[in-house]
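Spelled out, the chains give:
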Amino acid sequence: MSDADDDAFIAVTDLTKTFRVRRRSGLLRRTTSEVRAVDGISFTLRRGEMTGFIGPNGAGKSTTVKMLTGILTPSGGRLRVAGVDPWKERTRLVRRIGVVFGQRTTLWWDLPLRDSFGLVRRMYRIPRDRFEENLARCVELLELDGLLDVPVRQLSLGQRMRGDITAALLHDPDVLYLDEPTIGLDVISKARVRRFLARLNAERGTTVLLTTHDLSDIEQLCERVVVIDHGRLMYDGALSGLHEVGQGERTLVVDLERELPPVEGITGARTVRTEGPRQWLAFPASASAAPLVSQLVAAYPVVDLSLREPDIEDVIARMYEGSEGRSPSTDSGRPGVQPQR
């Protein structure tokens, strides 16, 4: 491995995973084909980093997470997590990681939440003092007080998810993998989980890899994103840079003194909507708004201005649409990240 890989807390190098799939091709015949779910991706994570791992359905996100946790064995490439080969030393690794799969629970369905946590303590052989301290902290921050004696089957989805996150953290893992942790949650439950994760990362330096379709999770928690599609790396870098790659547009909302025809003659911008004295001007996300504002104020009776950032969902959609035949985009300054071949 390279020096950058040696310094990384998690290092993924040319990772691939191929599945053999059998399909019916006639009344009595079946054919076997290979499906490459992960196709030579490389990235690194520093200790304490919180990173969004995103892509459409079938992109290879969950397959990658399962290889990171040792559940699946890679077909090729190299992988190290906290100095451990996940599929070779899974027993050793399991004490260093916590995993939450949003659509599957690790809790015991018929037991009260408290008893599920007690079983986790025995499985990981957590010292009682450490267990009690961690449990009390999670109960307070995730607002589980009053739910500990309720059977898991009687909990709401949001309550159960908070229970799953607690169970994953009782043994103080160095790495937390979250696969769709807010799926199906209401707005209040999502906000509670996000606050907790932000505090966990800030106070304990837990490395977090967050896989989600709810892009507001990424926007509120992560400064860096890794985007994959069809098993290949599409982008690895700052969340802000994703807008440039996806050719996103920012919007300048302008309130004029009175209703006027659509604003024109502003270099680098176009009017996309008007509603009375209010007009919406779109311009490239990579451009500065300052020159546009100067031109507007000089040419029009402006009362108020506001700036709206592009919708990240639209940005990623544009990236997927233009992915065929285009080289993946990476942050060349990030160690261990190389363009895919």
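Everything numeric here is computed off the predicted structure, so don't read it as measured data. (Residues numbered from 1 in each chain as written. Predicted model: local features only at pLDDT ≥ 70, side-chain atom pairs only at ≥ 80, totals over all residues. Heavy atoms only, no water.)

We now examine the confidence of the model for the protein. Of the residues in the protein, 89% reach a pLDDT of 70 or more, and the chain-wide mean stands at 85. Strand β14 (residues 329–330) is the least confidently modelled element of the protein, averaging 46 in pLDDT, while helix α4 (residues 113–124) averages 95, the highest of any element. Confidence drops under pLDDT 50 across residues 1–6; counting only partners more than four residues distant or on other chains, this segment forms 10 contacts. Per-residue pLDDT stays below 50 along residues 325–341; that stretch engages in 44 contacts with residues further than four places along the chain or on separate chains. (pLDDT = per-residue confidence, 0-100. Helix = DSSP H or I, 4+ residues; strand = E, 2+ residues; numbered from the N terminus. Contact = heavy atoms within 4.5 Å.)

Judged by pairing direction, the sheet is antiparallel, and its three strands sit side by side in the order β2-β1-β4 without closing on themselves. Every other strand in the sheet has two partners, leaving β2 (30–45) and β4 (76–81) as the edge strands with one partner each. Ignoring which end each strand starts from, the neighbouring axes of this sheet average 30° apart. Judged from the 13 bridges that link them, strand β1 (residues 10–24) and β2 form a sheet pairing that is antiparallel. From the neighbouring strand, F19 faces β2, where its bridge partner is V35. Where helix α2 (residues 61–68) meets the sheet, it contacts β1, β2 and β4, and its direction lies at approximately 120° from that of β1. (Pairing = 2+ DSSP bridges. Axes fitted to C-alpha atoms, helices over the stretch in contact; angles between N-to-C directions.)

As summarised here, the arrangement of the four strands in space is β11-β12-β10-β13, forming an open sheet in which the pairing is antiparallel. The sheet is open, and its two edges are formed by β11 (270–275) and β13 (302–308), each paired on a single side. Sheet twist, expressed as the mean angle between neighbouring strand axes with direction ignored, is 20°. As defined by bridge partners, β11 adjoins strand β12 (residues 278–284) across five bridges and the pair is classed as antiparallel. For R270, the partnering residue across the bridge sits in β12 and is A282.

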